[in-house]
Amino acid sequence: DVPLEVPDEPCWILMSATGHLARIDTTDPLPSGGPRADHDVITSATRTTTRGEFGVITSAGRLIRARAIDLVSLPATATAPSTSGGSPLTDLIDLDAGERALAVVSLDGDGPELALGTRHGVVKRVNPELRSRDCWEVITLKGDDVVVGAVELQTGTEELTFVTNEAQLLHFNAANVRPQGRTGGGVAGIKLGAGA
């Protein structure tokens, strides 16, 4: 249960490249300038409320529900936020062996509209859908494919980009990808060579 003495106010949920999650209780935009510690990069951020919930998208194509109140609340600063005082993500959610957390997303309203990219070059735009469970799939993966990138769309007209390890680059408007339900497997986004 969520403690009632904690006011339900707007906040940011942050995830860093070091696998830490933290909360900053503010409605202000997050600053991006200023000095940073090594590897202390915010890889994903979303808005919710202090007594609200958010989702974590994983490489296995799962969305795992989490609570903002369980996160360490960090003070807002004049420079880019740091999650070094946050909580290790693995202390808050259970990941399977080899599974990685890729992004945090909002669970407000009708749910997040997501764009996902996989190792095999598949792209998927996911229709908003909230479930009553703690975890659910947002893409059906084939064979040994895994999700390598995920982003919460704000307008549906964002530019999506694939970059391969052979330095191929493909970019296109998210609006060109037809939205699918959570059980859809996505569409071919980029044709990969044998070594990509």
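Provided above is the structure to which this section pertains.
This write-up is about the structure you can find in this document. (Residues numbered from 1 in each chain as written. Predicted model: local features only at pLDDT ≥ 70, side-chain atom pairs only at ≥ 80, totals over all residues. Heavy atoms only, no water.)

On to the overall build of the protein chain. Looking only at helices and strands, one finds zero helices and 16 strands in the protein chain. Looking at the 196 residues of the protein chain, the share that counts as buried comes to 41%. Within the protein chain, contacts between residues separated by at least 24 positions form 69% of all contacts whose residues are at least 6 apart in sequence. Carbon and sulfur atoms provide 50% of the accessible area of the protein chain, an area that totals close to 10,300 Å². (Helix = DSSP H or I, 4+ residues; strand = E, 2+ residues; numbered from the N terminus. Buried < 20%, exposed > 50% of the residue type's maximum accessible area, 1.4 Å probe, protein only. Contact = heavy atoms within 4.5 Å. Areas by Shrake-Rupley, 256 points an atom, 1.4 Å probe, with all protein chains shown as cover.)

Quick look at the pattern of salt bridges now. Under the defined criterion, the tally for this structure stands at six salt bridges. R23 is paired through a salt bridge with D25; the nearest N and O atoms lie 2.7 Å apart. Taking relative accessible area as the criterion, D25 reaches 35% and is therefore assigned partly exposed. With a shortest N-O distance of 3.9 Å, R119 and D144 are connected by a salt bridge. In this pair, R119 is assigned in the loop between β9 (113-118) and β10 (122-126) and D144 in the loop between β11 (135-137) and β12 (147-153), connecting sequence segments 25 residues apart. (Salt bridge = Lys/Arg side-chain N within 4 Å of Asp/Glu carboxyl O.)

Now for the environment of A80. Along the chain, A80 falls in the loop between β6 (73-74) and β7 (87-88). Residue classification places A80 among the buried positions, given a relative accessible area of 10%. C-alpha separation for the pair A80 and V41, spaced 39 residues apart in sequence, amounts to 9.3 Å.

Moving on to the sheet that holds strand β8 (residues 101-106). In spatial order, the strands read β8-β4-β5-β11; together these four strands make up an open sheet with antiparallel pairing. Both outer strands of the open sheet, β8 and β11, are each paired with one neighbouring strand and no more. With direction set aside, neighbouring strand axes in the sheet form an average angle of 30 degrees. Here strand β5 (residues 62-67) runs beside β11; their pairing, made up of three bridges, is antiparallel. Across the sheet, L63 pairs through a bridge with W136, a residue of β11. (Pairing = 2+ DSSP bridges. Axes fitted to C-alpha atoms, helices over the stretch in contact; angles between N-to-C directions.)

Take the pairing of strand β2 (residues 20-24) next. Taken across its five residues, β2 has four buried, putting it largely inside the fold. In this sheet, β2 lies alongside strand β1 (residues 10-16) in antiparallel orientation, the contact comprising four bridges. Across the sheet, residue M15 finds its bridge partner in β2, namely L21. In textbook terms, the turn of a hairpin is the stretch between consecutive antiparallel strands, and for β1 and β2 this stretch comprises three residues, one of which, G19, has a positive phi near 80 degrees. Alignment of β2 against β7, held across two bridges, turns out to be antiparallel. Bridging from a neighbouring strand, L21 pairs with S87 of β7. As paired elements, β2 and β6 share two bridges and run parallel to each other. Directly across from I24, in β6, lies its bridge partner L74.

Here we come to the side chain of E152. Mapped onto the elements, E152 comes out in strand β12. Salt bridges are absent for the buried E152, whose nearest opposite-charge side chain, R47, sits at 9.1 Å. Side-chain polar atoms of E152 contact the side chain of T46, separated by 2.8 Å. (Lys, Arg positive; Asp, Glu negative; His and termini not counted. Polar contact = N/O pair within 3.5 Å; in protein donor to acceptor, adjacent residues only side chain to side chain.)

To continue, consider the side chain of K124. Relative to the helices and strands, K124 resides in strand β10. Note on K124: relative accessible area 1%, which makes it buried. At 2.8 Å, the side chain of K124 forms a polar contact with the backbone oxygen of V138.

Attention shifts here to the nonpolar core. In terms of nonpolar packing, the biggest core is built from 14 residues, with I13, L21, F54 and V104 touching the most fellow members. Where this core is concerned, the elements lending two or more residues are β1, β4 (53-58), β5 and β8. In contact with V104, not counting residues within four places along its chain, are I13, M15, L21, S44, A45, T46, F54, G55, V56 and E152. (Core = buried A, V, L, I, M, F, W, Y, C linked by side-chain atoms within 4.5 Å.)

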